[in-house]
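If you want the building blocks of each chain, they are given just below.
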Amino acid sequence: MADTLAAHIVDRGLRPGDRVGTLDDVRAEVGFARSTVSEAVRLLRERGLLEIRPGRHGGLFVADPTPLVRLRHTLLKATGSPVSVRDAIELREALEEPVALATARVCGPAEAAELRALVADLGTATNDFAAFMHRNWALHERVAALCPNAMLASVYASCLGYISRNVASYGSDDEVGAYLSDRADVHRRLVEAIVADDAEQIRAAALAHNDTAQSAQSARTRIDQE
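Quick summary incoming for the structure in this document. (Residues numbered from 1 in each chain as written. Predicted model: local features only at pLDDT ≥ 70, side-chain atom pairs only at ≥ 80, totals over all residues. Heavy atoms only, no water.)

**Observations regarding empty space enclosed by the protein**
Phase 1 of the analysis: Under the definition given, this model contains 2 cavities of 30 Å³ or more.
Phase 2 of the analysis: If you add up the space inside the second largest cavity, you get close to 30 Å³.
Phase 3 of the analysis: Surrounding the second largest cavity, Leu139, His140, Val143, His187, Leu190 and Val191 form its lining.
Phase 4 of the analysis: When residues of the lining of the second largest cavity are traced back to their parent elements, those giving at least two are helix H7 (129-146) and helix H10 (180-196). (1 Å grid on protein atoms, 1.4 Å probe; cavity = no way out; pocket = protein on both sides within 12 Å on 5 of 7 lines; lining within 4 Å. Points joined across faces, edges and corners; volume = space filled by probe spheres on them. Helix = DSSP H or I, 4+ residues; strand = E, 2+ residues; numbered from the N terminus.)

Have a look at this one:
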């Protein structure tokens, strides 16, 4: 939903400082539930894309992006190629462990419950590759949002957003669905390691996750070439 709202803002041609509207205005325009819009706004504020101004003429405004946010926009708008997607995957994999370690330090009971709910939701989509991948992006986006190192989280989320935008075509469930159950288990292990704040478990889960991610990308590449 955050990406949908960001695209909606771009489609309207809004520039930094322009008023987007109130939450109710946005909800009416995009047709999502208020809670969904609120969560999307929260994520876009964390990314530095939106700001809330109080007062009679307040509401949601397009933020004046920092250099880091402008870099992220550049990554997200780039035209994907097999090489650039591979590079984004490689960078994200390198950041997987440090992002998880940083998130583990601030993961309290509420955050643990949220991550466990997201990974449980992921596990219900093992028969639908497209749904599985969208829930996968949502889980990793939330892990990044919880990361207290804003720069680390932003670069990681940039890679994630770039990959999700440029690897948007999925093969049939029969072609790529065999590894989904294992991938769901790897994500459960990663979440439980974050909740436990266990560096060794996080390292092992991150390595397993990256091996599975490479398998998924290889499967996707083979399908695209057929």
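**Things to note about the pairing of strand S3 (residues 59-62)**
Phase 1 of the analysis: Pairing analysis gives 2 bridges linking strand S1 (residues 19-21) to S3, with the strands arranged antiparallel. Bridging from a neighbouring strand, Gly21 pairs with Leu60 of S3.
Phase 2 of the analysis: Bridge analysis of strand S2 (residues 50-53) against S3 gives 4 bridges, and the strand direction is antiparallel. Within the sheet, the bridge partner assigned to Leu50 lies in S3 and is Val62.
Phase 3 of the analysis: Between S2 and the antiparallel strand that follows it, S3, lie 5 residues; Gly55 among them carries a positive phi value of about 100 degrees. (Pairing = 2+ DSSP bridges.)

**What to know about the sheet that holds S3**
Phase 1 of the analysis: Strand order in this open sheet of 3 strands is S1-S3-S2, and the pairing throughout is antiparallel. Sheet topology places S1 and S2 at the edges, where each strand pairs with a single neighbour. Neighbour-to-neighbour, the strand axes of this sheet turn through a mean angle of 40 degrees, independent of strand direction. (Axes fitted to C-alpha atoms, helices over the stretch in contact; angles between N-to-C directions.)

**Topic: the packing of aromatic side chains**
Phase 1 of the analysis: Under the counting rule described, the total for this entry stands at 0 aromatic pairs.
Phase 2 of the analysis: Note that Arg53 overlies the ring of Phe61, its terminal NZ or CZ placed 4.1 Å from the centroid. (Phe/Tyr/Trp six-rings, centres within 6.5 Å; stacked < 30°, edge-to-face > 60°. Lys NZ or Arg CZ within 6 Å of the ring centre and 35° of its normal.)

**Concerning unusual backbone geometry**
Phase 1 of the analysis: Positive phi values are uncommon outside glycine, yet Asp197 reaches one of about 55 degrees.
Phase 2 of the analysis: Secondary-structure assignment places Asp197 in the loop between H10 and helix H11 (199-225).
Phase 3 of the analysis: Looking at Asp197, the relative accessible area reads 44%, which means it is partly exposed. (Buried < 20%, exposed > 50% of the residue type's maximum accessible area, 1.4 Å probe, protein only.)

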